[in-house]
Structures are given as structure tokens and as C-alpha cells.
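Commentary on secondary and tertiary structure
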Amino acid sequence: MIFKKNLVLFMEVIVIAALMALYMFLGLYYLPVISIFYPIPFIVLGAKKGLRYNIIGLLSSCVLIGVLMDIYTGILVFAVFAPVSIFITYYIKQRKSANETILIAALISLISNLFAIELLGKVSGTSLMNQLEQMFSQILKAQIEMLKDTGMSSTEIYGAEDLLKNTFEYMTLIMPSIVIIISSILAYVDYLISVVILRKFGHGVFSVPQFSYFRLPNNVILGISTIFIGVFLLKIIKIFYYETIFINILVLLFFLFFIEGLAVVSFFIGKIRMGKLGKIIFIFLIILSLPLSIIVSTIGLLDVIFDFRKIKGRV
């Protein structure tokens, strides 16, 4: 009886591993954004059956990914997703708070991504920045050829080319903050969806963070002031990467205040009569619109000071 039960569980793990290997194959080749959800089935499996099944499932899936694509891709997928998946599973099993779990998971995700980037550079023999430069060069050539076909003047084409180059240089400059933001989103999404699924299955009572009640720490202004003083000191002692550090800090602060502002907006539209689909579309439009994003980020900054939702001390 025990053997039969273990065999069924083993088959469940293998089926999930195989399906997720195919899922990652599709994600890497056709729709990369869906890759962020890859660890979720393993987190749910580990929370229900035990941490070892999370690890076995991930290992099996990454081995299959290595067979489907190549061994280095399998290793990279494991390096990116396994640490955060195992940690979230362990913390869910330990009934840790949502805030603590997400915070530490984001840090682990960041370390994993940095390690994977370094590993990718070792394997490919070129750094991530060099790969991005090559990719940008190809995109730029394709865009210029497209613009030439539209009949634009050489002056207009030169201006468009200059704009594209400046955009790429800026994206390269803020790459550190982009990696941090992606790591944080990965940790939050994987934890949130995993917990929601577990609750749907009636597996225990887990803490589900309500986004509309998200709030930065009360001492965040003091922390930001300390950071800017530190950056100012870097400028005084003429640290070579001062401007890069300063710009990345601004991007991260913009992101943090944007998230808080989005939580404020979500909190108040939750109090008005609007269909769920309408609310989702409204939030989605805010995320896509740069002018609205700036306004929302400003709302987030003001909320830190004035506490529009009156939730200070409650979260």
C-alpha cells in the first residue's frame, strides 16, 4: 500500500516535471514572460507533499530541459528558479509571514539571477552587456532599413538612429536596477499565486498579502535620506561609477513609490462601483502609460508622508 502510494506520488512529480519542461521550452523560445511562473507548480507540490518533492521535481524538470535544449540551459534554469522555489516552499511550510517571505525571497532571487548572469557569461565567453550590444546592433540595423523603406529623409533617419542609441545606453546604465526589480517581481508573483492555489485546494491557512494594503516601512524617508547622503559622499570622493549608482537608485525609488502609489489607487478604486474586469484594465493602463506612472509614483511618495489610506501601524 505504501509502495503504491509512493509510486503514484513519484509519477505525479515526473508528470509535473515533464509538463513544466515543455512549458519552459515554449517560454524560452516563444513567450519569455511566461517563464516567471515556472516555479509555481513545484512550490505547490512541495508545500503539499514535502520539500524533497519540490527539489526532485525541479531537478527532473531541469534535466529534461537540458535534453530538450542543451545542458547549459537546464543548469541556468535551475540556478535562476530553484533557490527561490525551495526557499518559498520552506517558508510556507514553516508558516512564516508573507512580508518576511517575499522580502527574503526577493533577495535570494536577486542573488540567483546575478549568479546565472555570471554563469551565462562564463559559458558563452561573453558578458551579458556584450550580448545586449550585439542584439541592439542587429535591432538598430533592422530599424534603420525599415525607416529607409518608408521614404524618410537622411536627417530624420539620423535623428531616429541617435534616439535609439541613447535609449540603449540608458537601458544599459540602469541594468542593475532592472535585475533587482525583476527579481522582486519574480519572488512576489511566485509566492502570491502559489499561496492562492494552495488555499483553493484547502491546504492549510496561509497569509495572502493584499496588494491594496501594501505600504513601505514608516522610516523609509529616513532611509532614503541616508542613501542620498551616501551618494553625495561618493560624488565628493569622486567614485568612478557615481552617476550610474545615482541613476539606478532613482530608478529603484521610482519603482518603490510607483508600487505604493498603485496600491493606493487599487485601495480607492476597490471602494467604488466598478466591475473587476474594469479595475484590472484600469490598473493595466496605468502600468503601460508613462505619464500616469509618474503621477502614481508621486501619489506613492505623498502616501508615505500623509498616509491617505490611514493604515499606518495596521500593516
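For the structure, see preceding data.
In this report, we go over the structure that sits alongside the text.

Cut-off values and rules
Residues numbered from 1 in each chain as written. Predicted model: local features only at pLDDT ≥ 70, side-chain atom pairs only at ≥ 80, totals over all residues. Heavy atoms only, no water. Salt bridge = Lys/Arg side-chain N within 4 Å of Asp/Glu carboxyl O. Helix = DSSP H or I, 4+ residues; strand = E, 2+ residues; numbered from the N terminus. Buried < 20%, exposed > 50% of the residue type's maximum accessible area, 1.4 Å probe, protein only. Expected span 1.5 Å × (residues − 1). Arc of directions from axis to C-beta. Contact = heavy atoms within 4.5 Å. Phe/Tyr/Trp six-rings, centres within 6.5 Å; stacked < 30°, edge-to-face > 60°. Core = buried A, V, L, I, M, F, W, Y, C linked by side-chain atoms within 4.5 Å. Axes fitted to C-alpha atoms, helices over the stretch in contact; angles between N-to-C directions. Parallel < 35°, antiparallel > 145°, perpendicular 65-115°, else oblique. Left-handed = near helix turned anticlockwise from the far one by under 90°. Nonpolar A, V, L, I, M, F, W, Y, C, P; charged D, E, K, R; others polar.

**Comments concerning the pattern of salt bridges**
Opposite charge on two side chains allows them to pair when their charged atoms are near. Within the structure shown, the criterion is met by five salt bridges. Asp303 serves as the salt-bridge partner of Arg215, at 3.5 Å between the closest nitrogen and oxygen. Here the residue Arg215 occupies a position in the loop between α8 (175-200) and α9 (220-236), and Asp303 occupies one in helix α12 (residues 290-306), the gap between them amounting to 88 residues. A salt bridge links Asp307 to Arg215; its shortest N-O distance comes to 3.5 Å. Here Arg215 lies in the loop between α8 and α9 and Asp307 lies in the segment after α12, a separation of 92 residues in the sequence. Classification of Arg215 by relative accessible area gives buried; the value is 12%. The network of salt bridges with shared partners includes Arg215, Glu260, Asp303, Asp307 and Arg309.

**Comments concerning α12**
With 17 residues, α12 extends 24 Å between its outermost C-alpha atoms, agreeing within 8% with the 24 Å of an ideal straight helix rising 1.5 Å per residue. Along α12, the positions that sit buried rather than exposed are Ser293, Val296, Ser297, Gly300, Asp303 and Val304. Seen end-on, α12 carries its buried residues on one side only, within an arc spanning 115°. Those residues of α12 that are exposed and angled more than 90 degrees off the buried face are Pro291 and Phe306. The inward-facing, buried residues of α12 abut α9, α10 (242-269) and α11 (276-288). Looking one or two residues past α12, Asp307 carries a phi angle of roughly 55°, positive in sign.

**Details of the packing of aromatic side chains**
Summed over all chains, the structure comprises ten aromatic pairs. Considering the side-chain rings of Tyr90 and Tyr91, the 6.1 Å spacing of their centres and the 50° angle between planes classify their relative orientation as tilted. Judged by relative accessible area, which is 40%, Tyr90 ranks as partly exposed. Residue Tyr91 is classed as buried on the basis of its relative accessible area, which comes to 12%. Measuring from centroid to centroid gives 6.1 Å for Phe228 and Phe246, while their planes differ by 65°, and the two rings are edge-to-face. Of this pair, Phe228 sits in helix α9 while Phe246 sits in helix α10, and the two are 18 residues apart along the sequence.

**Digging into the nonpolar core**
Core analysis: the biggest nonpolar cluster contains 40 residues, and Tyr38, Ile65, Val77, Phe81, Ile88, Ile92 and Tyr191 have the highest contact counts within it. Listed by contribution, the elements that provide at least two residues to this core are α1 (2-29), α2 (40-49), α3 (51-68), α4 (71-93), α5 (98-124) and α8. Ranked by the residues each element gives to this core, the list is headed by α4, at ten residues. Ile174, Phe255, Phe258 and Leu262 belong to the second largest nonpolar core, which has twelve residues in total.

**A look at the environment of Ile286**
Secondary-structure assignment places Ile286 in helix α11. C-alpha separation for the pair Ile286 and Glu12, spaced 274 residues apart in sequence, amounts to 41 Å.

**Structural notes on the packing of α3 against α4**
In a pair of packed helices, the angle between the axes and the distance between the axes together describe the arrangement. Remark: α3 packs on α4, axes separated minimally by 8 Å, with the N-to-C direction vectors making an angle of 165°. For the element pair α3 / α4, the angle class is roughly antiparallel. Crossing hand, α3 versus α4: right-handed. From α3, Leu51, Asn54, Ile55, Leu58, Leu59, Cys62, Ile65 and Gly66 reach across to α4, where they touch Ile71, Thr73, Gly74, Val77, Phe78, Ala82, Ser85, Ile86, Thr89 and Tyr90. A per-class count over the contact of α3 with α4 returns twelve nonpolar, six polar and no charged.

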